[in-house]
Amino acid sequence: MKQFHGKGVTSGKGAGPALVTKQMFGFWGGVDPSTGKIIDQRHDLFGENIKGKVFIFPEGRGSTVGAVVILELVRCGNAPAAIINRHTEGILAAGGILADKLYNSPLPIVDSLDGDPITSIMTGDWVEVDASTGIVTVG
């Protein structure tokens, strides 16, 4: 079992199997909120589903509309269980914060871990995220 300490960007807890990529990710045009399926054909996770997963990627990429897509994922029940980034950009943080405020459905987001999540966590690993404390447990 491995444990990492980072910075909670939002609050809440989530757990699930990891889905890891080395590529940045943009929610606008990157995921279908009605299914949770990654639809960006240029992304290495094309065809994968983020629903219920701990989605791990370096940082967000793209449009301000990404926050709206995150809200729609939450509203449709297709959001990831949690998100881990090396660095969380403002649009992603806004989506997570608004999900809690508007739908009372926290989307735990943690970044700045004391180990690199992209190389330390593998797709399929069971990951527990406590964004309130910034603690991430793998195993």
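Note: the structure precedes this text.
All of these numbers come straight from a predicted model, not from anything done at the bench. (Residues numbered from 1 in each chain as written. Predicted model: local features only at pLDDT ≥ 70, side-chain atom pairs only at ≥ 80, totals over all residues. Heavy atoms only, no water.)

## Let's talk about the pattern of salt bridges
Tallying each qualifying case throughout the model produces 6 salt bridges. Across the pair Arg-42 and Asp-40 runs a salt bridge whose closest N-O atoms are separated by 3.3 Å. When salt bridges with common partners are traced through the structure, they connect Asp-40, Arg-42 and Arg-61 into a single cluster. (Salt bridge = Lys/Arg side-chain N within 4 Å of Asp/Glu carboxyl O.)

## With respect to the side chain of Asn-85
Locating Asn-85 in the fold gives a position in the loop between strand E7 (82-84) and helix H2 (90-103). For Asn-85, a relative accessible area of 0% translates into the label buried. Polar contacts involving the side chain of Asn-85 include one to the side chain of Thr-88, which spans 2.9 Å. Excluding its chain neighbours within four sequence positions, the residues that come into contact with Asn-85 are Phe-57, Pro-58, Glu-59, Leu-92, Ile-109, Val-110, Asp-111, Ser-112 and Pro-117. (Helix = DSSP H or I, 4+ residues; strand = E, 2+ residues; numbered from the N terminus. Buried < 20%, exposed > 50% of the residue type's maximum accessible area, 1.4 Å probe, protein only. Polar contact = N/O pair within 3.5 Å; in protein donor to acceptor, adjacent residues only side chain to side chain. Contact = heavy atoms within 4.5 Å.)

## Let's talk about the packing of aromatic side chains
Tallied over the full model, the rule gives 6 aromatic pairs. Both rings, one in Phe-25 and one in Phe-55, keep their centres 5.0 Å apart while their planes meet at 80°; by these two values the pair is edge-to-face. Note that Phe-25 is positioned in the loop between strand E3 (13-20) and strand E4 (31-32) and Phe-55 in strand E6 (residues 54-56), a separation of 30 residues in sequence. Judged by relative accessible area, which is 1%, Phe-25 ranks as buried. Measuring from centroid to centroid gives 6.4 Å for Phe-27 and Phe-55, while their planes differ by 80°, and the two rings are edge-to-face. Linking Phe-27 in the loop between E3 and E4 with Phe-55 in strand E6, this pair joins segments that are 28 residues apart in sequence. Among the residues examined, Phe-27 registers a relative accessible area of 6% and is labelled buried. Among the aromatic side chains, those forming a connected cluster through ring pairs are Phe-25, Phe-27, Phe-55 and Phe-57. (Phe/Tyr/Trp six-rings, centres within 6.5 Å; stacked < 30°, edge-to-face > 60°.)

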